[in-house]
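# Structural overview for review
Okay, here's what each chain looks like letter by letter:
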Amino acid sequence: MSTAQPLLRTRALRHFWPDGGHALALEDLAAARGESLFLHGPSGSGKSTLLGLLAGVLAPSSGDVLILDTSFSSMSAAARDRFRANHLGYIFQQFNLLPFLTPIENVLLGCAWSAERRKRAGGTHVRMAAEAQRLLSSLGLGAHVWSRTKTGELSVGQQQRVAAARALIGGPALLLADEPTSALDASSRDAFLKLLLEECAIYGTGVVFVSHDLALARHFDRTVALASAPVES
Ligand SMILES: Nc1ncnc2c1ncn2[C@@H]1O[C@H](COP(=O)(O)OP(=O)(O)OP(=O)(O)O)[C@@H](O)[C@H]1O
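If you're wondering where the values come from, they're calculated on a predicted model, not measured in any experiment.

To continue, consider the packing of helix α7 (residues 156-168) against helix α8 (residues 186-203). Describing two packed helices takes the angle between their axes plus the distance from one axis to the other. Packing of α7 against α8 brings their axes to within 11 Å, and their N-to-C directions diverge by 15°. Here α8 runs roughly parallel to α7, going by the angle between their axes. For the pair α7 and α8, the sense of crossing is right-handed. Residue-level inspection shows G157, Q160, A164 and L168 of α7 in contact with α8, the latter providing S188, F192, L196, E199 and Y203. A per-class count over the contact of α7 with α8 returns five nonpolar, three polar and one charged.

Have a look at this one:
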């Protein structure tokens, strides 16, 4: 793993929820640019919590998260939003797409808040739309679906592809994915993951992919396990 260009590092990271019931304590984690990590653990072990910490939408109780050598704790809320828009893509478990927009319109939202991402996606509306189409095609969504169908009318597997393209457009440094394949059968899941990781490789995008399904681990450079038991504060 290269130390010259660290993608992410965590330092003594701990997170306690206000009710005090559960906590996350993580051994220090590091990933190089372009590296793909598979994060697994049973339900309730803190996978989504960790993704929230890595995305800077949750502040840790103690310890620190650094993305591209930059600590979220050193940033104002506005700077965090900007940093996230520029460098992070997120695929949510429920996709969080806008159902009345077309797939292309949904994908373009992925770079709507970042001039850097728009530039990397081509800069002009025409070029960005072409890049959105390329991504959707590469991720297995046929041309007949792109522009005319409302995203809410697509199947789960098709929506998953739109969500992935939205997260990837403009080449974020880090893609965070929260069980986006849980509704798919095994062969569709494997095919989708292969395509997704190929696109990440094209962009040089590193990945933290969360799942409880260990069978998916073989697609990734490295596996990180979260323990099931809550830790003591
Ligand atoms: N907003 C919250 N307030 C209080 N506790 C929370 C909150 N969000 C999560 N937790 C608790 O933190 C623990 C870890 O939750 P998290 O959603 O991170 O687990 P997970 O591994 O992603 O689970 P799953 O696989 O079921 O999605 C759980 O015990 C959960 O109840």
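What follows picks up the thread again.
Time to look at the site of the ligand. Around the ligand, the structure places twelve residues, and the nearest of them are W17, S43, K47, S48 and T49. Residues of the shell around the ligand, tallied by class, amount to one nonpolar, nine polar and two charged.

In this section: the nonpolar core. Core analysis: the largest hydrophobic core is formed by 52 residues, its most contacted members being L54, V107, A132, A165 and L176. Of all the elements, α7 adds the most residues to this core, at six residues.

What follows covers the environment of A132. Following the sequence through the fold, A132 ends up in helix α5 (residues 125-138). Residues A132 and G170, 38 residues apart in the sequence, show an inter-C-alpha distance of 9.4 Å. Residues in contact with A132, not counting those within four places in the same chain, are I104, V107, L108, A165 and I169.

The end-to-end C-alpha separation of α8 is 26 Å, in line with the 26 Å expected for 18 residues at 1.5 Å each. Within the span of α8, buried status applies to R189, L193, L196, E199 and C200. Down the axis of α8, the sector holding all buried residues measures 130°, keeping them to one side. Exposed residues pointing more than 90 degrees away from the buried face of α8 are listed as S187, K194, E198 and A201.

Turning to the environment of T102, a few remarks are in order. Position of T102 relative to the elements: it lies in the loop between β7 (88-91) and α3 (103-108). In this structure T102 comes out as partly exposed when scored by C-beta crowding, with 18 C-beta atoms within 10 Å. Distance in space between the C-alpha atoms of T102 and T149 is 5.8 Å, their sequence separation being 47 residues.

Another aspect to go through is the pairing of strand β9 (residues 206-211). Buried residues dominate β9, accounting for six of its six residues. Side chains G206, V208 and V210 project from β9 onto one buried face, and the interleaved V207, F209 and S211 project onto a second face that is buried too. Two elements, strand β4 (residues 36-40) and β9, share five bridges in a ladder whose sense is parallel. Considered in β9, the bridge of S36 is made with V207.

Calculation notes
- Residues numbered from 1 in each chain as written.
- Predicted model: local features only at pLDDT ≥ 70, side-chain atom pairs only at ≥ 80, totals over all residues.
- Axes fitted to C-alpha atoms, helices over the stretch in contact; angles between N-to-C directions.
- Helix = DSSP H or I, 4+ residues; strand = E, 2+ residues; numbered from the N terminus.
- Parallel < 35°, antiparallel > 145°, perpendicular 65-115°, else oblique.
- Left-handed = near helix turned anticlockwise from the far one by under 90°.
- Contact = placed C-beta atoms within 7 Å.
- Nonpolar A, V, L, I, M, F, W, Y, C, P; charged D, E, K, R; others polar.
- Near = placed C-beta within 6 Å.
- Core = buried A, V, L, I, M, F, W, Y, C linked by C-beta atoms within 7 Å.
- Buried ≥ 20, exposed ≤ 12 C-beta atoms within 10 Å, placed from the backbone.
- Expected span 1.5 Å × (residues − 1).
- Arc of directions from axis to C-beta.
- Pairing = 2+ DSSP bridges.

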